[in-house]
Amino acid sequence: MAEKNVTGYSTIQIVLHWLIVAAVLFQLIFGESMTNVVEALEEGNAPGAADLQLSSAHLWVGIAILFMLAIRLAIRVFTGAPEVIGAPGLATLAATAMHWLFYALLVIVPVTGLLAKYVGDPWGDIHTIGKPVFIVLIVLHAAAALYHHFVLKDETLVRMIRPRNS
Ligand code: HEM
Ligand code: HEM
C-alpha cells in the first residue's frame, strides 16, 4: 500500500494507537482468566467469581480492539501514515514489516479468540500462541521506539505523541 505524503500522525491515529496498546496489555495480563474459566467448565467445576468477571471483560475488550482497529485501518487507507524515519534500508523495512505484522496480529488474535469461545478446539490453543508472539513483538517495537528517541534522537516517538498540524 503506497504511503501518502503526510508528515505525521493525526490526533485520532495517536489516540487509537495508545488505546489499543492499553487494551492489548490488559488482554495479555488478564487473559488467563479465560483459560481458567474454560478449564473449570471442562472439569465440571464452578469458575471463580473474579475469573468470570475478568473473562467477560476479556471478550468485550477483545471486541473493542477489533472495532478500534477497523477505524484505524480505514483512516490509514484514506489519509495515510508518515513514512518510517531513516534512510531506506533493512531497518526501515523491518519497521514497516513490524507495523503490518501488528495489524495482522490485531485481527488474527481476537478472531481466533472468538472462534475459541464459539467453536472450540483447536482454536483455543492457536489463540494462546498469540500471547508470546505479541510479547516478543511489543518488546522489539518498544525498544526500537526508545532507540529512535534516546540514541538516534529523531522525531519517531514524539510524532506518536504530538499530532501533526493539519
Ligand atoms: C487482541 C485481543 C486478545 C488478546 C491479546 C488475547 C489474549 C489472550 C491470552 C493471553 C489468553 C490466555 C492464554 C493463557 O492461558 O496463557 C487468552 C485466552 C482466551 N481468550 Fe483471548 N485475547 C484476545 C481476544 C479475545 C477475544 C475477542 C475472545 C472472544 C471471546 C477471546 C477468547 C479467549 C478464550 C476463549 C481464551 C481461553 C483459551 C483456552 O484456554 O482454550 N480472546 N487470550
Ligand atoms: C500492544 C502494543 C503495541 C501495538 C499493537 C503497536 C502498534 C503499532 C503500529 C501498528 C504502528 C504503525 C502505525 C502506522 O504507521 O500505521 C505503531 C507505530 C508506533 N508505535 Fe506502537 N504499538 C504498540 C506499543 C507501542 C509502545 C509500547 C511504544 C513506545 C514505547 C510504541 C511506539 C510507537 C511509535 C513511536 C510509533 C510510530 C512509528 C513511526 O512513526 O515510524 N508502540 N505501533
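Thresholds applied
- Residues numbered from 1 in each chain as written.
- Chains lettered and ligands numbered in written order.
- Predicted model: local features only at pLDDT ≥ 70, side-chain atom pairs only at ≥ 80, totals over all residues.
- Heavy atoms only, no water.
- Donors = N, O, S within 2.8 Å, 3.2 Å for Na, K, Ca; no water.
- Tetrahedral: all angles 85-135°; square planar, octahedral: opposite > 155°, others 65-115°.
- Helix = DSSP H or I, 4+ residues; strand = E, 2+ residues; numbered from the N terminus.
- Buried < 20%, exposed > 50% of the residue type's maximum accessible area, 1.4 Å probe, protein only.
- Core = buried A, V, L, I, M, F, W, Y, C linked by side-chain atoms within 4.5 Å.
- Contact = heavy atoms within 4.5 Å.
- Expected span 1.5 Å × (residues − 1).
- Phe/Tyr/Trp six-rings, centres within 6.5 Å; stacked < 30°, edge-to-face > 60°.
- Near = heavy atom within 4 Å.
- Polar contact = N/O pair within 3.5 Å; in protein donor to acceptor, adjacent residues only side chain to side chain.
- 1 Å grid on protein atoms, 1.4 Å probe; cavity = no way out; pocket = protein on both sides within 12 Å on 5 of 7 lines; lining within 4 Å.
- Sits in = over half its atoms within 2 Å of the grid points.
- Nonpolar A, V, L, I, M, F, W, Y, C, P; charged D, E, K, R; others polar.

A word on the coordination of the iron atom of ligand 1. For the iron atom of ligand 1, the full set of protein donor atoms is His58 (NE2) and His127 (NE2), and the range of their distances to it is 2.0 Å. Here the iron atom of ligand 1 binds six donor atoms, and the angle range of 86 to 180 degrees at the metal identifies the geometry as octahedral. Taken together, the residues span a long stretch of sequence, with His58 in helix H3 (residues 49–79) and His127 in helix H5 (residues 123–152) at a distance of 69 residues. Each member of the pair, His58 as well as His127, is classed as buried.

With that settled, consider the nonpolar core. Val24, Leu106 and Phe134 are the most contacted members of the largest nonpolar core, which totals 17 residues. When contributions to this core are tallied by element, the ones reaching two or more residues are helix H1 (11–30), H3, helix H4 (90–118) and H5. Sort the elements by how many residues they give to this core and H4 lands first, with six residues. Setting aside residues no more than four positions away along its own chain, Val24 makes contact with Ile65, Leu106, Phe134 and Ile138.

Further remarks concern H3. With 31 residues, H3 ought to run about 45 Å at 1.5 Å a step, and its terminal C-alpha atoms sit 45 Å apart, in line with that. Those residues of H3 that are buried are in contact with H1, helix H2 (32–42), H4 and H5.

Moving on, we come to the packing of aromatic side chains. According to the stated counting rule, one finds three aromatic pairs in the structure shown. Between Trp100 and Tyr103, the ring centres sit 5.1 Å apart and the planes meet at 55 degrees, which makes this aromatic pair tilted. Here Trp100 and its partner Tyr103 are both found in helix H4, three residues apart, which amounts to about one turn of the helix. By relative accessible area, Tyr103 is classed as buried at 11%.

Attention shifts here to the site of ligand 2. Surrounding ligand 2, one finds 19 residues, the nearest of these being His17, Arg76, Tyr103, His141 and Arg159. Residue Arg76 places a side-chain N or O atom 2.6 Å away from an oxygen atom belonging to ligand 2. With respect to ligand 2, the side chain of His141 contributes an N or O atom lying 2.7 Å from a nitrogen atom. When atoms are counted within 2 Å of each cavity's grid points, the one that captures over half of ligand 2 is the largest pocket. Among the elements of the structure, H1, H3, H4 and H5 are those that each provide at least two residues to the shell around ligand 2. Here the residues of the shell around ligand 2 are counted per class, giving twelve nonpolar, four polar and three charged.

Quick look at the site of ligand 1 now. Near ligand 1 you find 19 residues, and of these Met34, Thr35, His58, Leu59 and His127 are the closest. For ligand 1, a nitrogen atom lies 2.7 Å from a polar atom in the side chain of His127. Here ligand 1 occupies the second largest pocket. If you tally residues by element for the shell around ligand 1, the top one is H4, at six residues. Taken together, the residues that form the shell around ligand 1 break down as seven nonpolar, nine polar and three charged.

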